[in-house]
Each structure stands twice: as C-alpha cells, then as structure tokens.
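A look at the structure
In case you want the letters, here they are:
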Amino acid sequence: MTTLAIHNGRVIDPALGRDGIADVVIVDGRIARIGPNEGDMVVEAERIDATGLVVTPGFVDLHTHLREPGFEYKETIATGTLAAARGGYTTVCAMPNTSPPLDSRASIESVLREAEHSALVRVLPIGTITLGRAGKELSPAGELFRSGVVALSDDGDAVADPNLMRHALEYSTQFGLPIAQHCEDPALVRDGVMHEGWVATRLGLRGRPASAEEIMVARDIALAELTGAHLHICHVSTAGSVALIAAARERGIHVTAEVTPHHLTLTHEEVAFHTDFRTVDYITNAKVNPPLREETDLAALGIALRDGIIDCIATDHAPHASMDKEIEFELASPGLTMLETSFALSMKLVHDGTLTLPVLIDRLTSGPVRAWGLDRRTGLEGLGTLAPGALGDVALLDPNAEWTVEPREFASKGHNTPLGGRQLRGRVVATIFGGRVVHETDRVVAL
Ligand code: DOR
Ligand code: ZN
C-alpha cells in the first residue's frame, strides 16, 4: 500500500463545492480522505507540506495537439505529456490532426498503445469527423467510438460543407459523441493570416474577419438544433460568437464551448513587433487560428467564462518546430505551445478581478469534464474532483509566485510562444497523477 498525504493546503474542489484548509490523502492511486487534519490519521505516508499552497484536482484539457504519429519533430506523446504534467494537467484529449489522421481504429489503437508506453499523464484520443480530415466523407464514427475516442473533430480545419456537417451531427447522436468544430469559414478566411483589423493593415498582412468565425458558429448552432446533437465550439475568439452561444443555450440547444488562455489574454497587437518608431516587424509566434483578436473580444470572453456561457479553458497546445515558425508570416504554421503557461496566463483573469480563483479552477477541472461528460464517457469515476474514491490526480499551485517564461526550458519540444521573457504570476508547484508525483519544483517541502 502506498500512501501520499498532502498537508494543510487550501483545497479548492469546485465539483464538491469545497474551499478551505484541509489535508488530502491518496492511497494506492485513489483519493482516500479529504478534510482538516486527515493526514495526521494515516501512518507510514509520504508527506508533502502544502501550507500556503492551493490544492486542486489535476487539470483536464479538451484540446491538446500531441503530434504523434507523424510530426514527432514537433512533439511526441512523451514530451507533450511531460509538458502537461508541468502545467498541472493530468488528463489531455489528443487532437487527431496527426499523420496519418486519427480516422480509424488502427490509428486510435496506436495512440493508446504509445500512450500506455510513454505518457506521463492520461491521454484520451479524439477521432476525426471526416476521413483524412479531407471534409468529403464521414469517418466511421461507430468504429472510432468503440476504439475509445471521447469526441470527433477535424480541428485545424472546419467541416466546410453544411450538408456533411449536418450528417456528422446526426450520426454522432447514435454514440453520444460531441462534435468539436474549429469554426472558421474557409470561404471568408481565404488566405488571411491574422485578425482583420488595424494591425493587419499596418503590417500589410491579409486578415481573417471575426465574421468568418461567427458565420460558422451560427450555422452549426442551427444544425445542432436541427439534429439534436452535441456541438462543441473549439477556441471561441470573438464577442459575436459569445452572443450566439449564449442565445443558443438560452434556447436549450446542446452547445458547449471552450476558450484558450491566449484568446482570453492576448490581442492582435502581439503580432506586431516595434523595433523603433519607424519599423514594425511581425512575430510568427503570435500567429494562431483563430487569430488573436481585440480588447472588446477579450472582455466578452472573460465574462462568458465567468458566467459559464463558455464551459472551460482548453489550451489548444500547438507545438511547432523553429523551422515552421522562423519563416515568412504567410508560410509559418499557426499555433502556440501552451500547456506550460496555461495556468499562469489564465491567472491574469483572477489577478484583474474577472474571475475568482475557485471559478478559474472549475473551468480547468470540472468544467471540461461536465462539458463532454468525460467521466461517464470514459468510466473514469471522479475525473476532475477530489471526492473520496476518485483518481489521485492533484495539482499544487502557488497563485502568486512570479516567474519569467523561458521557452528553452519547456518540456515541450515546441518553444513557439510570444510570452518568452515575460513575467507571469501563478505557478504549478507540483502535479500528482494516480498518486504519483509526476512534476515537482523546489517549492515542494516534504514533511
Ligand atoms: O493555430 C492552430 N494550430 N489552430 C488550429 O486549429 C490547429 C493548430 C495546430 O494543429 O497547429
Ligand atoms: Zn482549431
């Protein structure tokens, strides 16, 4: 029997409605006890002093690009899940835009097998909506469902054909799988590479209008209403999308949504690098789809997250190699490496008063589990909570610790972030997966 006792932290478990000083005891990989001084009741335990720290369920990410198979030079299941552990994540849902794409039982099984081998935390695969992500024919949803996928998505691209999207939604209802859509209408995006606004004009780059996202959000909400299916909107980025989702929920349509830490906190101005007053250059590490937007969008996203119109934070961790980024803006791959900065970046909303800490923790733990019914779907009882009997997945956090982002020190192979050199406030001090410490900093004190 192995016992780990975490003493005297501020335990925040939104699913249990708990926020107070307590001990958490994990026995043989599962939560055994939780409450004040409960740790003192057990003998022969490994002990961590969490005085002054916040203790929460391990974070759950609905949107992670692990890149394996096919793009191992960008990330692997091993490096991506190590990055996850460093970021406080104990469960990540792996997006299927790999090579080959995850559109068959064989490819899903290969990911699960590799994860069993090399993953440091739990990996739940997502299958494609269409074969080869080509947007022409539906993937075998039943086969993917039986192979263990938790959702279907062609992320990176939208399913452009509305009739095919209708059929995908209809088909998904047989298995109760969420259809996670990357909402950007390619006909409106065309060759746009950043948000359509004054920064794009100033840099001479072609824009992607907010309406490219909103038109597809509106279309897919209408299709979700028609089919009664579960539509999940990936990385919502505009105030207009928020209004559409709020109205759809009001009407009882089954639509859930996520927002990334970067869309919550960074604007399109990140793309412009001011060398002096005359020269302006661009930063490919701030290129992402959908693009970083404007202050008014950020404000609307923060409020929607607070009010639960947006269910959760998802990282859209999109690691790329320097050869994919240190090139012309038009050619650079879109995406930010995010797992290791997600908590600290999201903490900005707590520090500026938009969210309380318990609400932020909800959106990182039970929010994503609720959105997709992940516990039911996987049989992982107690996923995202610290209820006795639940999985021993825990994050230890210091919400006020300041640190400087140093991309070269990331566990992720992707160093593509515009945050390099920036000071953030909020640190993941340790991560425990199934009762085992998978990440710890020197802030951890054994007792
Ligand atoms: O910026 C992005 N990068 N957006 C996506 O939807 C896909 C992702 C990737 O896979 O790199
Ligand atoms: Zn996407």
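Predicted model, so just to flag it, every value in this text is computed and none were measured. (Residues numbered from 1 in each chain as written. Chains lettered and ligands numbered in written order. Predicted model: local features only at pLDDT ≥ 70, side-chain atom pairs only at ≥ 80, totals over all residues. Heavy atoms only, no water.)

1. Quick notes on the coordination of the zinc ion (ligand 2)
Looking at the zinc ion (ligand 2), one finds its protein donor set to be D155 (OD), H182 (ND1) and H235 (NE2), positioned 1.8 to 2.2 Å from the metal centre. One can describe the donor arrangement at the zinc ion (ligand 2) as irregular, given that its four donor atoms subtend angles of 81 to 132° at the metal. (Donors = N, O, S within 2.8 Å, 3.2 Å for Na, K, Ca; no water. Tetrahedral: all angles 85-135°; square planar, octahedral: opposite > 155°, others 65-115°.)

2. Some points on helix α14 (residues 357–364)
Counting buried positions along α14 gives six out of eight residues, so the element sits mostly inside the fold. L357, L360, I361, D362, R363 and L364 are the residues of α14 that are buried. (Buried < 20%, exposed > 50% of the residue type's maximum accessible area, 1.4 Å probe, protein only. Helix = DSSP H or I, 4+ residues; strand = E, 2+ residues; numbered from the N terminus.)

3. Structural notes on the pairing of strand β2 (residues 18–27)
As paired strands, strand β1 (residues 3–13) and β2 are joined by nine bridges and run antiparallel to one another. For A5, the partnering residue across the bridge sits in β2 and is V25. Here β1 folds back onto β2, and the loop between the two strands holds four residues, one of which, G17, carries a positive phi near 65°. As paired elements, β2 and strand β3 (residues 30–35) share five bridges and run antiparallel to each other. Residue pairing in the sheet places V27 in a bridge with R30 of β3. Linkage of β2 to β3, two consecutive antiparallel strands, is achieved through a turn of two residues, within which D28 is found at a positive phi near 50°. (Pairing = 2+ DSSP bridges.)

4. What about the site of ligand 1?
Looking at ligand 1, there are 14 residues lining it, with R67, N97, H182, N289 and H320 nearest. Measuring from an oxygen atom of ligand 1, one finds a backbone N or O atom of G335 at 3.3 Å. Split by residue class, the shell around ligand 1 holds three nonpolar, eight polar and three charged. (Near = heavy atom within 4 Å. Polar contact = N/O pair within 3.5 Å; in protein donor to acceptor, adjacent residues only side chain to side chain. Nonpolar A, V, L, I, M, F, W, Y, C, P; charged D, E, K, R; others polar.)

5. Overview of the environment of P178
Among the secondary structure elements, P178 is positioned in the loop between α4 (162–172) and β10 (179–181). Each C-alpha atom of the pair P178 and H254 lies 9.6 Å from the other, and the pair is 76 residues apart in sequence. For P178, the residues in contact, after removing those within four places along its chain, are V150, A151, L152, H230, W372 and R377. (Contact = heavy atoms within 4.5 Å.)

6. Observations regarding the packing of aromatic side chains
Under the definition given, this model contains five aromatic pairs. Summarising the aromatic geometry, the rings of F59 and F343 are spaced 5.9 Å apart at their centres and angled 40° between planes, so their arrangement reads as tilted. Highlighted residues: F59 in strand β6 (residues 59–64) and F343 in helix α12 (residues 342–346), separated in sequence by 284 residues. Exposure class is identical for F59 and F343. Each is buried. Between the aromatic rings of Y171 and F175, the centroid separation amounts to 5.6 Å while the plane-to-plane angle is 65°, which identifies the pairing as edge-to-face. On the basis of relative accessible area, Y171 is assigned to the partly exposed category, the value being 29%. The ring centre of F71 lies 5.9 Å from the NZ or CZ of K74, which sits over that ring. (Phe/Tyr/Trp six-rings, centres within 6.5 Å; stacked < 30°, edge-to-face > 60°. Lys NZ or Arg CZ within 6 Å of the ring centre and 35° of its normal.)

7. Some remarks on the pattern of salt bridges
A complete count under the given rule lists 17 salt bridges for this structure. Residue R206 pairs with D191 through a salt bridge whose shortest N-O separation is 3.3 Å. Pair noted here: R206 is in the loop between α6 (198–203) and β12 (207–208) and D191 is in the loop between α5 (186–189) and β11 (194–195), with a separation of 15 residues, a long-range link. Taking the relative accessible area as the measure of exposure, D191 reaches 43% and is therefore partly exposed. Of the charged contacts in the structure, one is a salt bridge between R251 and E225, with a shortest N-O distance of 2.9 Å. Of the two residues, R251 is situated in the loop between α8 (239–250) and β14 (255–259) and E225 in helix α7 (residues 210–227); the sequence distance between them amounts to 26 residues. For R251, a relative accessible area of 52% translates into the label exposed. (Salt bridge = Lys/Arg side-chain N within 4 Å of Asp/Glu carboxyl O.)

8. Section: the nonpolar core
In terms of nonpolar packing, the biggest core is built from 69 residues, with I233, I310, F343 and L360 touching the most fellow members. With five residues, α7 is the single largest residue contributor to this core. When near neighbours in sequence (up to four residues on either side) are disregarded, I310 contacts V236, V242, A257, E258, V259, L301, A304, L305 and R363. V193, L205, V405 and F410 belong to the second largest nonpolar core, which has 22 residues in total. (Core = buried A, V, L, I, M, F, W, Y, C linked by side-chain atoms within 4.5 Å.)

9. As for the sheet that holds strand β13 (residues 231–233)
Sheet strands associate in pairs through backbone hydrogen bonding, adopting either a parallel or an antiparallel arrangement. Taken in spatial order, the five strands of this open sheet run β9-β10-β13-β14-β17, and their pairing is parallel. Strands at the two margins of the open sheet, each flanked by one partner only, are β9 (152–153) and β17 (312–313). Here three bridges tie β10 to β13, and the two strands are oriented parallel to one another. When the sheet's bridge partners are listed, A180 is paired in β13 with H232. Of the strands in this sheet, β10 and β13 touch α7, which is tilted by about 165° from β13. (Axes fitted to C-alpha atoms, helices over the stretch in contact; angles between N-to-C directions.)

These values are about where atoms sit, not about what they do.
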